[in-house]
Amino acid sequence: MSVLTAESLTRQYQLGGHVVNALAGVDFSVSEGEFVGIMGPSGSGKSTLLHLLGGLDKPSDGEITLAGNKLSLLNDKETTLVRRHNVGFVFQFYNLLPTLSAEENILLPILIDGKDGKQYQKRLDTVLKLVGLESRRSHKPDQLSGGEQQRVSIARAMITEPAIVLADEPTGNLDSKTGKIIMELLRRSCDELGQTIIVVTHDPRAAAYADRVVFLQDGVVASQIAFSELDDLAVRRQTVIDAMVELEA
Amino acid sequence: MTLTRLLILRSIKERPLRMLLSSFGIILGVASILAIGVTNQAALESVTRLFADTSGKSSLIITSADSDGQGFNDNIMGRADRVAGIGVMAPSLSVTTVLAEELPPTEIAFSMFGMDQGGLSLMGIDPQVDGQVREYELVNGRFLSERLDDEEIVLVETFAIEQNLTLNDWVEITTPYGIDKLRLVGLIAEEGAGRQNNGAFGVVPLETLQKYFDRNRSLDQIDVVIDKPDASSADVQQLKNALQQALGTDYAVLFPASQGERVVQMLGNYQIGLNFLSGMALFVGAFLIYNAFSMTVVERTREFGMLRTVGMTRRQVTRQVMLEASVLGLIGSAIGIGLGIFLARGLSVVMEVVLGQDLSRIELPIDLVIISGLVGLIVTLFAAAIPAWQAGKISPLEALRIRGISKEGWFISDGWKVGIALLLVSTALLLWNPFPYDAQFRLGSVAVIALFFGGTFMIPSSVTYWERGMRGIMRRLYGNSGLIGSLNLERSKMRTTLTVAALMIGVSMMIVVWTMTESFKGDLEEWLDGYIGGDIYVTSSVNMRTDLWQRLQSVEGVQAVAPVRYFEVKWYTPDGAEEDGLFMAVEPLAYNEVTSFVFDQTDNGVSEEAALLEMEGGDTIFVSSVMAEKYGLSPGDSLELFTKTGKRPFVIGAVVVDFYNNGLVIDGSWADMRRHFRLNDANAYMVKVNEGISIDTVKADIDDLFGDRYHLIVESNLAIQERVNVLMDQAYSMFDILALIAMLVAFLGITNTLTMNVMERIREIGMLRSIGMSRGQVILMVLAEAGLMGVIGGVVGVIFGILLSRIFLLSMTAMSGYKLEFILPISRVVMGFLIAVIIAHIAAVFPANRAAKVDIMEAIHQD
Ligand SMILES: Nc1ncnc2c1ncn2[C@@H]1O[C@H](COP(=O)(O)OP(=O)(O)OP(=O)(O)O)[C@@H](O)[C@H]1O
Ligand SMILES: [Mg+2]
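Below: a short report on this structure. This structure is a prediction, so every number in the text was calculated from the model and none was measured.

1. Remarks on the overall build of chain B
When helices and strands are tallied, chain B shows 25 helices and 24 strands. Expressed as a percentage of the 863 residues in chain B, the buried residues total 57%. In chain B, of all internal contacts separated by at least 6 residues, the share reaching a separation of at least 24 is 82%.

2. Observations regarding the packing of aromatic side chains
All names here are of chain B. This structure, assessed with the given rule, holds 9 aromatic pairs over all chains. With centroids separated by 5.0 Å and ring planes inclined at 45 degrees, the aromatic side chains of Tyr 136 and Phe 143 adopt a geometry described as tilted. Aromatic ring contacts, followed pair by pair, group Phe 567, Phe 583 and Phe 677 into a single cluster. Over the ring of Tyr 572 we find Lys 647; its NZ or CZ atom is 4.4 Å from the centre of that ring.

3. Structural notes on the pattern of salt bridges
For the structure on display, the rule yields 24 salt bridges over all chains. With its nearest N and O atoms 3.1 Å apart, the salt bridge here joins Arg134(B) to Asp223(B). Within this pair, whereas Arg134(B) is found in the loop between α4 (127–130) and β7 (138–141), its partner Asp223(B) is found in strand β13 (residues 221–226), the two being separated by 89 residues in sequence. Per residue, the accessibility class of Arg134(B) equals that of Asp223(B), and both read buried. Between Asp672(B) and Arg675(B) there is a salt bridge, with its nearest N and O atoms 2.7 Å apart. Here Arg675(B) and Asp672(B) lie together in helix α19 (residues 670–677), a separation of 3 residues that amounts to about one turn. For Asp672(B), a relative accessible area of 0% translates into the label buried. In the salt-bridge network here, residues are joined through shared partners; they are Glu103(A), Asp125(A) and Arg137(A).

4. Structural notes on the site of ligand 1
Residues and elements named next belong to chain A. For ligand 1, the set of nearby residues contains 14 residues, the closest of which are Ser 42, Gly 43, Lys 46, Ser 47 and Thr 48. Within the backbone of Gly 43, a nitrogen or oxygen atom sits 2.8 Å from an oxygen atom of ligand 1. In this structure, an oxygen atom belonging to ligand 1 sits 3.2 Å away from a main-chain N or O atom of Ser 44. Here ligand 1, which alone exposes 630 Å², has 66% of that area covered by the protein. It is helix α1 (residues 46–53) that contributes the most residues to the shell around ligand 1, 3 residues altogether. Tallied by class, the residues present in the shell around ligand 1 amount to 5 nonpolar, 7 polar and 2 charged.

5. Describing the sheet that holds strand β10 (residues 220–226) of chain A
All names here are of chain A. Across the sheet, 6 strands lie side by side as β6-β7-β8-β3-β9-β10; this open sheet has mixed pairing. Of all strands in the sheet, those bounded by a partner on one side alone are β6 (87–90) and β10. When the angles between neighbouring strand axes are averaged without regard to direction, this sheet yields 20 degrees. Both β6 and strand β7 (residues 164–168) contribute to a ladder of 4 bridges, which runs parallel. For Val 87, the partnering residue across the bridge sits in β7 and is Ile 164. Together, β3 (35–39), β6, β7, β8 (197–200) and β9 (212–217) form the strand contacts of α1, whose direction differs from that of β7 by roughly 155 degrees. Seen against the sheet, helix α2 (residues 76–86) touches β6 and β7 and runs at an angle of roughly 75 degrees to β6.

6. Things to note about the interface of chain B and chain A
Between chain B and chain A, the contact holds 25 residues from the first and 25 residues from the second. Counting each side, the surface lost to burial between chain B and chain A is near 2,500 Å², with a carbon and sulfur contribution of 63%. Viewed at the interface, chain A and chain B are joined by 0 salt bridges. Those elements giving two or more residues to the side of chain B that touches chain A turn out to be α1 (2–14), α9 (301–309) and α10 (314–355) of chain B. Residue composition of the side of chain B that touches chain A, grouped by class: 12 nonpolar, 5 polar and 8 charged.

7. Focus: the sheet that holds strand β5 (residues 69–70) of chain A
Residues and elements named next belong to chain A. With antiparallel pairing, 4 strands are arranged side by side in an open sheet as β2-β1-β4-β5. Each having just a single partner strand, β2 (18–31) and β5 make up the two edges of the open sheet. Of the pairings in the sheet, the one linking strand β1 (residues 2–15) to β2 comprises 11 bridges and is antiparallel in character. Looking at β2, one finds that Thr 10 is bridged to Ala 24.

8. A look at the pairing of β9(A)
All names here are of chain A. Judged by how many residues are buried, β9 sits mostly within the fold: 5 of 6 residues are covered. Pairing of β3 with β9 involves 4 bridges; the strand directions are parallel. Bridge assignment links Ile 38 to a residue of β9, and that residue is Val 214. Where β9 meets β10, 6 bridges bridge the pair, whose relative direction is antiparallel. Considered in β10, the bridge of Val 214 is made with Gln 224. Hairpin connection from β9 to β10: 2 residues lie between these consecutive antiparallel strands, with Asp 218 at a positive phi of about 50 degrees.

9. Section: the packing of helix α4 (residues 121–131) of chain A against helix α5 (residues 146–158) of chain A
All names here are of chain A. At a minimum axis separation of 9 Å, α4 and α5 run at an interaxial angle of 145 degrees. As for the relative orientation of α4 and α5, their crossing is right-handed in sense. Here Arg 123, Val 127, Leu 130 and Val 131 of α4 lie close against α5, whose contacting residues are Arg 151, Ile 154, Ala 155 and Met 158. Partitioning the contact of α4 with α5 into residue classes produces 6 nonpolar, no polar and 2 charged.

10. Let's talk about the side chain of Ser153(A)
Along the chain, Ser153(A) turns up in helix α5. With sequence-adjacent residues up to four places away left out, Ser153(A) is seen in contact with Phe89(A), Val90(A), Tyr94(A) and Leu96(A).

11. Topic: helix α24 (residues 826–852) of chain B
Helical geometry note: an α-helix holds 3.6 residues per turn, so side chains three or four residues apart project in the same direction. Over its 27 residues, α24(B) extends 38 Å from the first C-alpha to the last, a length consistent with the 39 Å expected when each residue adds 1.5 Å. The largest bend along α24(B) measures about 40 degrees and falls at Val845(B), with the proline Pro847(B) one to four residues further on.

12. Details of a nonpolar patch on the surface
Residues and elements named next belong to chain B. A cluster of nonpolar side chains, Leu 824, Ile 826, Val 830, Leu 834, Ile 838 and Ile 842, forms an exposed patch at the surface whose accessible area comes to about 520 Å². In this structure, Ile 842 sits in helix α24. For Ile 842, a relative accessible area of 49% translates into the label partly exposed.

13. A word on the packing of α4(A) against helix α6 (residues 176–193) of chain A
Angle between the axes and distance between the axes are the two parameters that describe a pair of packed helices. Residue and element names in this part refer to chain A. At a minimum axis separation of 10 Å, α4 and α6 run at an interaxial angle of 135 degrees. Our classification of the angle between α4 and α6 gives oblique. Residues Thr 126, Leu 130 and Val 131 of α4 form the contact with α6, whose participating residues are Leu 185, Arg 188, Ser 189, Glu 192 and Leu 193.

14. Description of the nonpolar core
Counting residues in hydrophobic clusters, the biggest one holds 63 residues, and the most contacted among them are Phe452(B), Met504(B), Leu754(B), Ile765(B) and Leu804(B). Where this core is concerned, the elements lending two or more residues are α13 (440–488), α14 (493–531), α21 (717–760), α22 (762–770), α23 (775–816) and α24 of chain B. Considering each element in turn, this core owes the most residues, 17 residues, to α23(B). By size, the runner-up hydrophobic cluster in this structure holds 43 residues, among which are Ile106(A), Val165(A), Leu186(A) and Phe215(A).

15. Remarks on the pairing of strand β23 (residues 681–689) of chain B
Here is the key point about a regular strand: its side chains alternate between the two faces of the sheet. All names here are of chain B. For β23, the tally of buried residues reaches 8 of 9 residues, placing the bulk of the element in the interior. Across 6 bridges, the pairing between strand β16 (residues 558–572) and β23 is antiparallel. When the bridges of β23 are listed, Val 561 appears paired with Val 687.

16. Considerations on the environment of Gly797(B)
Residue and element names in this part refer to chain B. In this structure, Gly 797 sits in helix α23. A sequence separation of 292 residues divides Gly 797 from Ile 505, and the C-alpha atoms of the two residues are 6.1 Å apart. Beyond its immediate chain neighbours, meaning those up to four positions away, Gly 797 contacts Met 504, Val 507 and Ser 508.

Rules and cut-offs
- Residues numbered from 1 in each chain as written.
- Chains lettered and ligands numbered in written order.
- Predicted model: local features only at pLDDT ≥ 70, side-chain atom pairs only at ≥ 80, totals over all residues.
- Heavy atoms only, no water.
- Helix = DSSP H or I, 4+ residues; strand = E, 2+ residues; numbered from the N terminus.
- Buried < 20%, exposed > 50% of the residue type's maximum accessible area, 1.4 Å probe, protein only.
- Contact = heavy atoms within 4.5 Å.
- Phe/Tyr/Trp six-rings, centres within 6.5 Å; stacked < 30°, edge-to-face > 60°.
- Lys NZ or Arg CZ within 6 Å of the ring centre and 35° of its normal.
- Salt bridge = Lys/Arg side-chain N within 4 Å of Asp/Glu carboxyl O.
- Near = heavy atom within 4 Å.
- Polar contact = N/O pair within 3.5 Å; in protein donor to acceptor, adjacent residues only side chain to side chain.
- Areas by Shrake-Rupley, 256 points an atom, 1.4 Å probe, with all protein chains shown as cover.
- Nonpolar A, V, L, I, M, F, W, Y, C, P; charged D, E, K, R; others polar.
- Pairing = 2+ DSSP bridges.
- Axes fitted to C-alpha atoms, helices over the stretch in contact; angles between N-to-C directions.
- Buried area = accessible area lost by both parts, 1.4 Å probe.
- Left-handed = near helix turned anticlockwise from the far one by under 90°.
- Expected span 1.5 Å × (residues − 1).
- Bend = angle between axes of the 7 residues up to and from the residue.
- Patch = residues over 30% accessible without salt bridge, like charges linked within 9 Å, V, L, I, M, F, W, Y side chains within 5 Å.
- Parallel < 35°, antiparallel > 145°, perpendicular 65-115°, else oblique.
- Core = buried A, V, L, I, M, F, W, Y, C linked by side-chain atoms within 4.5 Å.

Right under this line is the structure:
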């Protein structure tokens, strides 16, 4: 069953006199529990796609169905509510509130929904355990390392048990070792909690954690690869690199 | 609630400095409204109470229609008694005297109501009935006996203590025929009737006082109490009409409060200025709040964007900002009220000096506290509404940008169109001034605020031109880093605009205050020169007989002596309406020798000397410029005055500048006063000393020869003028304080903006430092940005200040009739500009230091 589908998505930007086709007709769908990687050269439209999928931005044309909701039919407030309940975002820059502790930052979507954070203690413990920050729960963002901050934002993305987590270069700002921890974490949340995830990345090593990798080029899906369950990480990474080389040729 | 607690209270707690800066505007605004309100009310109450105390519980008072100080015969008591509906009639006679042993004060006390020469005010009463109209609170001894000719007196306790008098002492008072004695039988509190003459007051049986002061059977006033316990105002009005009918036009039947009306009106003029400035303070306060909140929103764009990505709706974001504003509004208002109470104490000291009234019984009216607090809260919410709405509009994508690059809003690209429209409309409205009299002040203030808004809207689009124009100078002054700073000004135009606007308002307020003060003082000094002319001013607690005139003239070294006598007069406007005024009688030629009138206009071709000769010839008066302006009078016109023999026309010989009695003054000759008003004593003598003779010697001689006998106060004009100037400065220092507050607000605004700019650019500053910019250069960069803001705010502020003070002076003339000459103090204009630039620099010190301290490594690794 697909959690998210996109049909012939386009997105144009007006730049001065001329039009930039950031997305030029993308068809795309993600099934429940799937972990999808999106790759492509800089400017190929990865972030644009992710923003559209998560309802942060509106497509110029095309339709997105997210957890049963046709986004084109919703107004701003309704989109916000869909986002609130069904989407978790993780960004390259962690975007945490500096005045709140890790725990409070994680609970923010719950609080925004007008609910009492106390009722979510169990879920909070689950995600804190998942990201391995049980001992850091009351620290403020500036007392945490970059990797830890990113883990807080992943926990925040998952606190509402969203239909899908969208991550835009979550490891882009981290060293390779920390990046590895983050990707393993996402993989685990997919395996253990059944979380559906889309990750945009430049890094073949990161992409190797996905079940499937979609390649974008010039605003369209150029190719896709799906990994066999049996491949180990090194093999997967090589497969991704091969696909990239092939695309560039 | 948890969310509110986390997002708002936390942000307030974690950024105390920012919050303090934001609420400072509210604090100052609320404090000034409250302080000014409390002081005003206290002053008004004190003055009205004073007049109420004189006539306590009476419904009506009867006085003579001509206020020549001679009173009227007591036989009208009988005539009035025939009118139905009268409950009590309390006759009284008032005289001013001095204790025989009392030394006259060495200086004259000045107040807004004129001069206070001290002395003891005595009232002759009928003890049997007086208690029913006036309140006496006996604290010692007994009240007067019921016999009207007993030789006894009751004094106010404080005065008795001051004069070392105890019960049963003989009180020796000065009368026209020497010294008479009265037995002190009781003491009353300085309350009710005892508050008169600031406590230098006593009561004496009516007939005794009449006898001592040779005013047999004469009364000054009859207080009437209506014969109905719960009489409506219609009943009183009816009785008033009936009494007036029965007594005829020689007597005036008045409501007691009407005596105080003129005073209230006088107070009103001062209030207009205060109210205006408190409105301005609030406006600037609102501006600062708006400024602070806009900045908060800009600064937290990413934060709000992030909250939107995790599912906060627009309305939730807006509500968070509004909630934050209300918390700040509450805290700010509470602190403001505290500060206001404190400020009110200071203000009341100033008002005491100005009014010459004791305001120590200042009370805190709870409704004023509530109102000012509410105003603070509402203004805060209004000021925060726009930024809150803007916060709601932040798109979630905004959070994903590396740095919030806010789009050029409509305000920045097209605001100038609205600005020009506002400027034109408000200037036109202010100059044309079409408002009805009573709404003038409020609507005028709205127009002024519109003017400031217009100016503010003009700033963003002009910043580029300012920057280009000043770039070269900035580079020369601050070096290449100054150039970068100057360019930085264009980066956050919104912020720059708000900061410059705060500065602009501060400077223009300063200029307005200075020009008004200067213009007012200029005229006042010129007039004061004439009013207290000559070299020595001789006055007394009691009116002086004219024989003193010759005696003073015979003192060695005296060149000329001019007597002056003031009394109230009724006159009739060209359309026949009755008005009250003050008549100043002078001996025209002597007066001209000692001092001179400040002629505003004389008839075409008629010289000033001719005008004086005309007055000497009789039946000619001069009117004040205020009257001329207000009632459209000019030389050659005829004006009717109410004299001893009824209405009588006088020719207006000239228009002169005179600010006494709110500017409602008619000048006439001594001969006319004697002929038509039957008066022949002086309030003061102005003495001119021969050239080359020491004024102090002559002053000492006069004091030695006549001081004791006539209870004289002899003062040199120089000393008086100095004192009046000090007094004026004190009165005006209040306005200075308000201008200072405005500048303080601007100062905080600049610090706020620059700090924010620096914080936002920490990475960039780190980069500049890494490629070799020195700490000193970083400081120069920030200073240059501040300096440029100072220049813009200073120039625009000065222009607006000049424009506004012109308009104010014009409308003041229209409103009150005071015609003030516009004096533009160039040095002050330059100073205003310099202050703006200097303040901007000082305000930049903290942010510049902050910028210089940026740690390169940390800045680069930030985020
Ligand atoms: N707000 C915008 N205005 C104009 N053009 C835009 C805007 N956002 C993106 N673009 C353009 O759309 C195209 C796709 O941008 P997008 O950010 O989706 O690329 P990307 O694949 O995420 O690249 P990168 O790997 O560098 O992050 C680019 O050509 C970009 O210049
Ligand atoms: Mg991208």
